[in-house]
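Structural overview for review
Here's the letter readout for the chains.
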Amino acid sequence: MPESNGRVDLDGHARAALLARRDLVVDLARVACVLLVVVIHLLMIGVGLDSSGAIVVSRPLEAQSWFDAATWVGQIMPLFFALGGFTAVTSWRSLQKRGGTAVDFIRARTLRLATPALALFAFFAVVLGAATATGVDPAPLETVAAGTGTPLWFLAAFLLAQCLVPLLARLHDRAPLLTLATLAGAAVLVDAIRVATGIVDVGLVNLVFVWGFAQQLGFWYADGWFRRRTPPQLVGLAAAAYLLIWPGVEAGWYSSDMLTNLNPPTVPLMLLGVAQVSLLSVLHSPLSTLMSSRAAQAVVFMVGSRAMTVYLWHLPVIVAVAGVSLLIPGAAPEPASAAWWAGRWCSWSCSAWCGWSPCRSRASRRSRRRSPTDSVARGPRSSWSRRCSRSSRHSRSCSGSSTCSSRSAVPCCSRHPSCSIGRGGSR
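By convention here, each chain's residues receive numbers from 1 onward along its written sequence. For this predicted model, a pLDDT threshold of at least 70 governs which residues receive local features, and a threshold of 80 or more governs which side-chain atom pairs are given and counted, while totals over whole chains, interfaces and linings are taken from all residues. The side-chain numbers reported here are obtained from all heavy atoms of the structure, hydrogens and water having been left aside.

1. Overview of the overall build of the chain
Using the following cut-off: Secondary structure is summarised from DSSP: a helix means a run of H or I of at least four residues, a strand means a run of E of at least two, and numbering begins at the N terminus for each. Burial classification: accessible surface area is computed with a 1.4 Å probe over protein chains only, and a residue below 20% of its type maximum counts as buried, one above 50% as exposed, and the rest as partly exposed. The contact criterion used is simple: two residues touch if any of their non-hydrogen atoms lie within 4.5 Å. Surface exposure here means Shrake-Rupley accessible area, sampled with a 1.4 Å probe, where a residue is shielded only by the protein chains that are shown.
Regarding its fold elements, the chain presents 20 helices and two strands. Taken across its 427 residues, the chain has 43% of its residues classed as buried. Long-range pairs, those at least 24 residues apart, make up 77% of the contacts in the chain with a sequence separation of at least 6. Of the roughly 21,600 Å² of accessible surface on the chain, 66% is carried by carbon and sulfur atoms.

Here you go:
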């Protein structure tokens, strides 16, 4: 058999082996969460002109009668933390096998999450500083700053939970149920103190307990607990979680708007996390079938590799597009009007183009920086496939050798955005 044919077959086996190490449903769910957040924010931010020509800033989505009910489905931050827990615990266990420490893990997570945020910090410092210096009305400026800074708040909470992974993973390995119950009990206690005293800031302690609980669900997902349950059991668990939220809402302890229950995080978010992970597990089989197609993988990996950029910059882009529309006659109707709702697709298209173009430019620059050998097309094989082929041949030639570690066997594949080996991706 010609060498080229053998190499193509090897590429297919290498690619299949790499994808087999991932739970592609997790990749799909993570991308869906990010895109849903973008869509919600696009519909929630209303900037336009009223009949008198005055600038109106409002939140049209929250004014809808069905909004509170929709947040019971659309509040997906608990699921996002659970998915982060799945990724983090698999990464931590892999790091431990390679001799890594908790310090190594926390350092890597901090750099990975904080580094992309530095550009946004600098952007806000320059823009808000310039706006203040030029005498811009502080009221709308404060509204814009608070709204567009939301991703940074979430990133800080997410990083806090990620830094607790080595400790919580150790406790999970020793007593998984006790660890989960302790986090839940502590969150209930904090909420009880907050309700009894009326001191809202007490609830900030639940940044550790509520988000730690949601993240811990990802550990259980990684261990296969949810996959071992039958669909009726999972649906029943999700229904029970939703039903347990209602008494607290009815008593007035929590808002019926699950977005309000986000800051500070409260017990209903833990229950939403249980329901969301359960329902994701129910849908795992059909979603896995969907993700078996090359087209679905390409879209998910393309968006997923840029998810941090999309998440951090989508609000500034949306606000910038809204600001520009104020300068175009007829392009900024009054928020919540029929014309405003009808124009959401145009705003979404403009925001998507403005936000996606820098991502494509960055990818293009990376491509041009590659070596001439990597940039030359070699038939249908991609650069990633060639790396997988070399890695697979190397790992086969080193099989049985005590000097060949898992890190050295596939060093190049971790450079591909869809590959988690060596990068702590979802496996």
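2. Topic: a nonpolar patch on the surface
For clarity, the threshold we go by: Patch definition: residues with relative accessible area over 30% and no salt bridge; like charges joined within 9 Å; nonpolar side chains (Val, Leu, Ile, Met, Phe, Trp, Tyr) joined within 5 Å. We define a salt bridge as a contact between a side-chain nitrogen of Lys or Arg and a carboxyl oxygen of Asp or Glu at a distance within 4 Å.
On the surface, F123, V126 and V127 cluster together into a nonpolar patch covering about 250 Å² of accessible area. Relative to the elements of secondary structure, V127 occurs in helix α5 (residues 102–133). Residue classification places V127 among the partly exposed residues on the basis of a relative accessible area of 38%.

3. Focus on unusual backbone geometry
Glycine aside, the phi torsion of most residues is negative, and most peptide linkages are trans. In this structure, the amide linkage connecting N263 to the following residue, P264, adopts the cis form with an omega of 0°. Within the fold, P264 resides in the loop between α11 (231–250) and α12 (267–282).

4. A look at the packing of helix α4 (residues 77–97) against helix α8 (residues 165–174)
Defined as follows: Here an angle of 0 to 180 degrees is reported between the N-to-C directions of two axes, which are lines fitted to C-alpha atoms, with helices fitted over the stretch in contact. Convention used here: angles under 35 degrees read as roughly parallel, angles over 145 as roughly antiparallel, angles from 65 to 115 as roughly perpendicular, and any remaining angle as oblique. Gly is put with the polar residues, along with every residue not named as nonpolar or charged; the nonpolar set is Ala, Val, Leu, Ile, Met, Phe, Trp, Tyr, Cys and Pro, and the charged set is Asp, Glu, Lys and Arg.
Orientation of α4 relative to α8, taken along the N-to-C sense of each, is 85°, at an axis distance of 10 Å. Looking at the two axes, α4 sits roughly perpendicular to α8. Listed contacts from α8 to A88, V89, W92 and R93 of α4 are V165, P166, A169, H172 and D173. Residues belonging to the contact of α4 with α8 are distributed by class as follows: six nonpolar, one polar and two charged.

5. Focus on the pairing of strand β1 (residues 46–49)
Let me state the cut-off plainly: Strands were regarded as paired on the criterion that DSSP finds at least two bridges between them.
For β1 and strand β2 (residues 55–58), the ladder comprises four bridges, and the chain directions are antiparallel. In the sheet register, V47 faces β2, and the bridge partner there is V57. Following β1, the chain reverses through five residues before pairing antiparallel with β2; G53 in that reversal takes a positive phi of roughly 90°.

6. Some thoughts on the packing of aromatic side chains
Keep this limit in mind: Note on aromatic contacts: the rings of Phe and Tyr and the six-membered ring of Trp form a pair at centre separations within 6.5 Å, being stacked when their planes are under 30 degrees apart, edge-to-face when over 60 apart, and tilted otherwise.
This model, assessed by the stated rule, comprises 15 aromatic pairs. Ring geometry for W72 and W246: centres 6.2 Å apart, planes at 45°, overall tilted. Within this pair, whereas W72 is found in helix α3 (residues 67–74), its partner W246 is found in helix α11, the two being separated by 174 residues in sequence. For W72, a relative accessible area of 14% translates into the label buried.

7. Observations regarding the pattern of salt bridges
Under the counting rule described, the total for this entry stands at seven salt bridges. Where D27 meets R22, a salt bridge forms, and the shortest distance between an N and an O atom there is 2.8 Å. Note that D173 is salt-bridged to R93, the shortest N-O span being 3.5 Å. Of this pair, D173 sits in helix α8 while R93 sits in helix α4, and the two are 80 residues apart along the sequence.

8. Remarks on the environment of L279
Turning to its location among the elements, L279 is positioned in helix α12. The spatial distance from the C-alpha of L279 to the C-alpha of V235 is 6.6 Å, given a sequence separation of 44 residues.

9. Looking at the side chain of S325
One can find S325 in helix α15 (residues 307–325). The class for S325 is buried, based on a relative accessible area of 14%. Those residues in contact with S325, other than ones at most four positions away along the chain, are A331 and A332.

10. Brief notes about helix α9 (residues 176–197)
To keep things clear, this is the line we draw: By this rule the span expected of a helix is its residue count minus one, scaled by 1.5 Å. Throughout, the arc means that of the directions going from the helix axis to the C-beta atoms.
The end-to-end C-alpha distance of α9, which contains 22 residues, comes to 32 Å, matching closely the 32 Å that a straight helix rising 1.5 Å per residue would cover. Buried within α9 we find T179, L180, L183, A184, A186, A187, V190, D191 and R194. Angular distribution of buried residues about the axis of α9 spans 155°; they occupy a single face of the element. Projecting away from the buried face of α9 at angles above 90 degrees are the exposed residues L177, L178, L189 and A196.

11. Details of the nonpolar core
Using the following cut-off: What we call a nonpolar core is a set of buried Ala, Val, Leu, Ile, Met, Phe, Trp, Tyr and Cys residues that are connected through their side-chain atoms within 4.5 Å.
F81, W211, F213 and L217 are the most contacted members of the largest nonpolar core, which totals 70 residues. At eleven residues, α4 tops the list of elements feeding residues into this core. Residue contacts for W211: discarding those within four places in its chain leaves M77, P78, F81, A157, N206, L262, P265 and L269. In this structure, L28, V31, V300 and V303 belong to the second largest nonpolar core, which totals eight residues.

12. Topic: the environment of H41
Tracing the sequence through the fold places H41 in helix α2 (residues 24–44). H41 sits 274 residues away from L315 along the chain, and the two C-alpha atoms are 7.3 Å apart. Sequence-distant contacts of H41, defined by excluding residues within four places in its chain, comprise H314, L315 and I318.

13. Structural notes on the confidence of the model for the chain
Low pLDDT marks regions whose predicted coordinates should not be analysed in detail. Formally: Scored from 0 to 100, pLDDT reflects the predictor's confidence in each residue.
Looking at the chain, the pLDDT average stands at 80 and 77% of residues meet or exceed 70. Taken as a whole, residues 1–10 scores under 50 in pLDDT and shows nine contacts with residues more than four places along the chain or in a different chain. Taken as a whole, residues 367–427 scores under 50 in pLDDT and shows 93 contacts with residues more than four places along the chain or in a different chain.

14. Structural notes on the packing of α9 against helix α10 (residues 206–222)
Keep this limit in mind: The crossing is said to be left-handed when, going from far helix to near helix, the turn is anticlockwise and less than a right angle, and right-handed when the turn is clockwise.
Packing of α9 against α10 leaves a shortest axis separation of 9 Å and a crossing angle of 155°. Between α9 and α10, the crossing angle belongs to the class labelled roughly antiparallel. Crossing handedness for the pair α9 and α10: left-handed. For the pair α9 and α10, contact is made by P176, L177, T179, L180, L183, A184, A186, A187, V190 and D191 and by N206, F209, V210, G212, F213, Q216, L217 and W220, respectively. For the contact of α9 with α10, a count of residues per class yields 13 nonpolar, four polar and one charged.

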